[in-house]
Amino acid sequence: MADAAPPSKSRDLDKLLLRPGNLVGPSFEPGVQLRDDLQEYAKVLVVGAGGLGCELLKDLALSGFKNLEVIDMDRIEVTNLNRQFLFRLEDVGKPKAEVAAKRVMERVSGVNIVPHFCRIEDKDIEFYSDFNIIALGLDSIEARSYINAVACSFLEYDSDDNPREETMKPMVDGGTEGFKGHARVIVPGVTPCFECTIWLFPPQVKFPLCTLAETPRNAAHCIEYAHLIKWDEVHSGKAFDPDNPDHMKWVYDEAVKRAELFGIQGVTYSLTQGVVKNIIPAIASTNAIISAACALETLKIASGCSKTLSNYLTYNGVEGLHTKVTEFVKDKDCLVCGPGVLVELDTTVTLQKFIDMLEEHPKLLMSKASITYRGKNLYMQAPPVLEEMTRSNLSLPLYDLMDKVPKDILHVTGTINKDNKKSSGLRKLRVIFKGIDGVTDMDMAGGA
Amino acid sequence: MIKLFKVKEKQREIAENANGKAPVKKQSAGELRLHKDISELNLPKTCSISFPNGKDDLMNFEVTIRPDEGYYLGGTFLFSFQVSPIYPHEAPKVKCKTKVYHPNIDLEGNVCLNILREDWKPVLNINTIIYGLFHLFTQPNYEDPLNHDAAAVLRDNPKLFESNVRRAMAGGYVGQTFFTRCM
């Protein structure tokens, strides 16, 4: 088959895509068609155009992907230039996404990269639905959690609680800190999602305020004192803006004074930035290693030419070199990627009746339920102020309260009475209203 | 995932069907967990909660504490809570909106309560924090001072501390600092 293929720019890639193999993914169909489809149809979103994002864009473009988009809200800073190799000194101040897209397109012919200079929250859900795979090059838990929630919101389950493959939106996530990094594959419904394993992230170090105020012992204590306590004391009411150089300089100057007072060494402007903005040290080569792993996994997911990472790679180059792959397991009750409990209802069922039903439902056995629907609190058992505000909903049909959507996700919290034991629980429900036409083909995420 | 390409077509159709729909508000995992915390609140009579932005914004709320014993008996103290989307991975940000003469709360409203910063754990919840805040009023602690002067007075001269607290709560000067009446 390889011999029959026309000469190709992607000669080396062809060895993977055109020939059958034994260690391939389950749905691998080698051939010219696959290679061409990959170029024509596979659409990948790169989230973040920083240290990892620059590498990811370059790697994906060189791996034969032709349709890429990149989203990043930041502008280029001088301090980025040591590792974010797509940027030049004259680019400082320009949006990262735009410059990164332009540079890769100049260098790799045939690739089209659409930049988006905005926050990830600014895009609506349809924007994300358009991509086959989302590659993450981020530095915050918040942003990962957000993208994860978006990707998982496309996932649908059939009536037997099996995830429907055509609704899966795979993600490949990379992260680095100094000599350490991770790469992971998230296929919602198959692997754990980001929220299933959020405990993997160590809590952020927070110094006690009284230590900052009374007994600073190191440079970071002096900086946090200036940032968290002194700033408010002097600028009552004015919010501190970490991106304002004047504000940062002020904090630095105050931290220096504080350090002198207590005889502490080591307060510098860059440490001040690092502590205040919680900047983690980044090393170009760690970014390169992690991004390369992520780009390859993206290619493997899209083409099936090899089995994918299952599912979490850690790389640690701090003392010697250790790397390990761990297969984390899904949280079956995950509120974000789990199937939730399927509940079928008539459109006439009132909220009160629904709450009563939860008590009898064999998979729930939940009493005193509070109900929330897409950010609207339909009923709250406590505190009294919210109970009063939501009580009038009890007599209304749930169907009306859910904006007459034929099926959607609800969340309930209450007391679960199982085996004569009471515990408090938070559950996801898949509510389907009976007798509404076309329900089975409807898109859950869009909530048609 | 070769099926991907067929899916792609299907998704495009769905997207077309979806045109004209209002963007759907998503709830973060943090919001859901907070919803649970709030719906299970069990506050002492001395504490109450309010939601300035209405029943659908639980991420920003206020707690009022009216101590029924100790130095601060009779005072009313307002706290603002700001909860992040990755709650409970991160503790809520809590500020005291009432200016108070207190060893563990500074004049800008920063609160030194261990579970709000260094000792926060995701198993803790909003109820725990409110009890913790309440505890600060019944058991002010001079060993973890944020208001240095108040802590020194509490340690060296509890009688004077008591009268300073009374004066501040009634509305008046303690040293150079003016406190608004909060009784």
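Looking at an unreviewed UniProt entry, chain B carries the name RUB1 conjugating enzyme 1 isoform 1, with the source organism given as Theobroma cacao. As recorded by UniProt, the Function (unreviewed entry) comment attached to chain B reads in full: "Accepts the ubiquitin-like protein NEDD8/RUB1 from the ECR1-AXR1 E1 complex and catalyzes its covalent attachment to other proteins." Heading Pathway (unreviewed entry) of the UniProt record for chain B holds this comment: "Protein modification; protein neddylation."

For chain A, an unreviewed UniProt entry supplies the name NEDD8-activating enzyme E1 catalytic subunit and the organism Theobroma cacao. As stated in UniProt under Sequence similarities (unreviewed entry), the record for chain A gives "Belongs to the ubiquitin-activating E1 family. UBA3 subfamily." Regarding chain A, the UniProt comment filed under Catalytic activity (unreviewed entry) reads as follows: "ATP + [NEDD8 protein] + [E1 NEDD8-activating enzyme]-L-cysteine = AMP + diphosphate + [E1 NEDD8-activating enzyme]-S-[NEDD8 protein]-yl-L-cysteine."

## Details of the interface of chain A and chain B
Every contact between the two is made by 78 residues of chain A and, on the other side, 47 residues of chain B. Buried area between chain A and chain B, summed over both chains or domains, comes out near 5,600 Å², and the portion from carbon and sulfur atoms is 61%. The largest contributions to the chain A side of the interface with chain B come from A:K206, A:L209 and A:R374, which together make up 11% of the buried area. Put simply, chain A and chain B have one salt bridge between them. Linking chain A with chain B are eight residue pairs in polar contact (both at pLDDT 80 or more). Each residue belonging to the side of chain A that touches chain B can be placed in one class, and the counts come to 38 nonpolar, 21 polar and 19 charged.

## Considerations on the sheet that holds strand β12 (residues 407–418) of chain A
Residues and elements named next belong to chain A. Strands sit in the order β9-β13-β12-β10-β11 across an open sheet of five strands; the sheet is mixed. Strands with a single pairing partner mark the edges of an open sheet, and in this sheet they are β9 (341–345) and β11 (376–379). Pairs of neighbouring strands in the sheet enclose a mean axial angle of 35°, with direction left out of account. Pairing of β9 with strand β13 (residues 421–433), which is carried by five bridges, proceeds in the parallel orientation. Across the sheet, E344 pairs through a bridge with I432, a residue of β13. The sheet strands contacting helix α12 (residues 351–360) are β9, β10 (366–373), β11, β12 and β13, and the helix crosses β10 at an angle near 130°.

## A few points about the pairing of strand β3 (residues 112–116) of chain A
All names here are of chain A. Pairing of strand β2 (residues 67–71) with β3 involves five bridges; the strand directions are parallel. Counted as the bridge partner of I71 is H116 from β3. For the handedness criterion, the β-α-β arrangement of β2, helix α4 (residues 96–107) and β3 is classed as right-handed.

## What about the pattern of salt bridges?
Opposite charge on two side chains permits them to pair, given that their charged atoms come into close proximity. One pass over the structure, following the stated rule, counts 31 salt bridges over all chains. A:K277 serves as the salt-bridge partner of A:D243, at 3.2 Å between the closest nitrogen and oxygen. With a gap of 34 residues between them, A:D243 in the loop between α8 (219–234) and α9 (245–261) and A:K277 in the loop between α10 (269–276) and α11 (284–303) connect regions that are remote in the sequence. B:E40 is the salt-bridge partner of B:K36, the closest N and O atoms lying 3.8 Å from each other. Judged by relative accessible area, which is 32%, B:E40 ranks as partly exposed. Each of A:D91, A:K94, A:K102, A:R103 and A:E106 takes part in one network of salt bridges that share partners.

## Regarding the packing of aromatic side chains
Considering all chains together, one arrives at 20 aromatic pairs over all chains under this definition. A ring pair is formed by B:F61 and B:F81, whose centres lie 4.7 Å apart and whose planes are at 20°; its orientation type is stacked. Pair noted here: B:F61 is in strand β2 (residues 60–65) and B:F81 is in strand β3 (residues 77–82), with a separation of 20 residues, a long-range link. Taking the relative accessible area as the measure of exposure, B:F61 reaches 1% and is therefore buried. Taken together through their ring pairs, the aromatic side chains of B:Y71, B:Y101, B:F161 and B:F179 make up a single cluster. Sitting above the plane of the A:F154 ring, A:K169 keeps its charged end 4.9 Å from the centroid.

## Some remarks on the UniProt feature "active site" (unreviewed entry) in chain A
As annotated in UniProt, the feature "active site" (unreviewed entry) corresponds to A:C210 in the numbering used here. Looking at the element boundaries, A:C210 is found in helix α7 (residues 209–214). Judged by relative accessible area, A:C210 falls into the buried class, the value being 9%. Sequence-distant contacts of A:C210, that is, excluding residues within four places in its chain, are made with A:T215, B:C112, B:D144, B:P145 and B:L146.

## Side note on the nonpolar core
Core analysis: the largest hydrophobic core is formed by 50 residues, its most contacted members being A:L57, A:F65, A:L68, A:V70, A:V104 and A:I113. Residues contacting A:L68, with those up to four places away along its chain left out, are A:V44, A:L57, A:L60, A:A61, A:V111, A:N112, A:I113 and A:V114. If you look at the next biggest cluster of nonpolar residues, it comprises 48 residues, including A:L386, B:L34, B:C96 and B:C182.

## A look at the UniProt feature "active site" (unreviewed entry) in chain B
UniProt's feature table lists "active site" (unreviewed entry) at B:C112, given in the numbering used throughout. Here B:C112 shows up in the loop between β4 (93–96) and α3 (126–138). In contact with B:C112, not counting residues within four places along its chain, are A:L209, A:C210, B:N104, B:L136, B:D144 and B:L146.

## Overview of unusual backbone geometry
In this model, A:A382 is joined to A:P383 through a cis peptide bond whose omega is -10°. Its location among the elements puts A:P383 in the loop between β11 and α13 (384–390). B:Y87 connects to B:P88 through a cis peptide bond whose omega is 5°. Inspection of the secondary structure puts B:P88 in the loop between β3 and β4. The phi torsion at A:R374 lies on the positive side, around 45°, for a residue other than glycine. With respect to the secondary-structure elements, A:R374 resides in the loop between β10 and β11.

## Side note on the side chain of B:T64
Note that B:T64 resides in strand β2. In this structure B:T64 touches B:T46, B:C47, B:S48, B:T76, B:F77 and B:L78, once residues within four positions along its chain are discounted.

## Quick word on the confidence of the model for chain A
Considering every residue of chain A, the mean pLDDT works out to 90; 96% of them sit at 70 or more. Counting interchain partners and residues more than four positions distant, the pLDDT-below-50 stretch residues 439–448 of chain A has 30 contacts.

## Some details on the confidence of the model for chain B
Averaged over every residue, the pLDDT of chain B is 89; the share at 70 or more is 86%. Across residues 18–23 of chain B, where pLDDT falls below 50, the model places four contacts with residues more than four positions away in sequence or in other chains.

## Comments concerning the packing of helix α4 (residues 148–156) of chain B against helix α5 (residues 158–170) of chain B
All names here are of chain B. At a minimum axis distance of 5 Å, the contact between α4 and α5 shows a crossing angle of 135°. By the angle class used here, α4 and α5 are oblique. Between α4, through A150, V153, L154, R155 and D156, and α5, the contact on the second element is made entirely by P158, L160, F161 and N164. Here the contact of α4 with α5 is built from residues that sort into six nonpolar, one polar and two charged.

Cut-offs and rules
Residues numbered from 1 in each chain as written. Chains lettered and ligands numbered in written order. Predicted model: local features only at pLDDT ≥ 70, side-chain atom pairs only at ≥ 80, totals over all residues. Heavy atoms only, no water. UniProt positions renumbered as here; feature names shortened; annotations may be inferred. Contact = heavy atoms within 4.5 Å. Buried area = accessible area lost by both parts, 1.4 Å probe. Salt bridge = Lys/Arg side-chain N within 4 Å of Asp/Glu carboxyl O. Polar contact = N/O pair within 3.5 Å; in protein donor to acceptor, adjacent residues only side chain to side chain. Nonpolar A, V, L, I, M, F, W, Y, C, P; charged D, E, K, R; others polar. Pairing = 2+ DSSP bridges. Helix = DSSP H or I, 4+ residues; strand = E, 2+ residues; numbered from the N terminus. Axes fitted to C-alpha atoms, helices over the stretch in contact; angles between N-to-C directions. Right-handed = clockwise from strand over helix to strand, strands pointing away. Buried < 20%, exposed > 50% of the residue type's maximum accessible area, 1.4 Å probe, protein only. Phe/Tyr/Trp six-rings, centres within 6.5 Å; stacked < 30°, edge-to-face > 60°. Lys NZ or Arg CZ within 6 Å of the ring centre and 35° of its normal. Core = buried A, V, L, I, M, F, W, Y, C linked by side-chain atoms within 4.5 Å. pLDDT = per-residue confidence, 0-100. Parallel < 35°, antiparallel > 145°, perpendicular 65-115°, else oblique.

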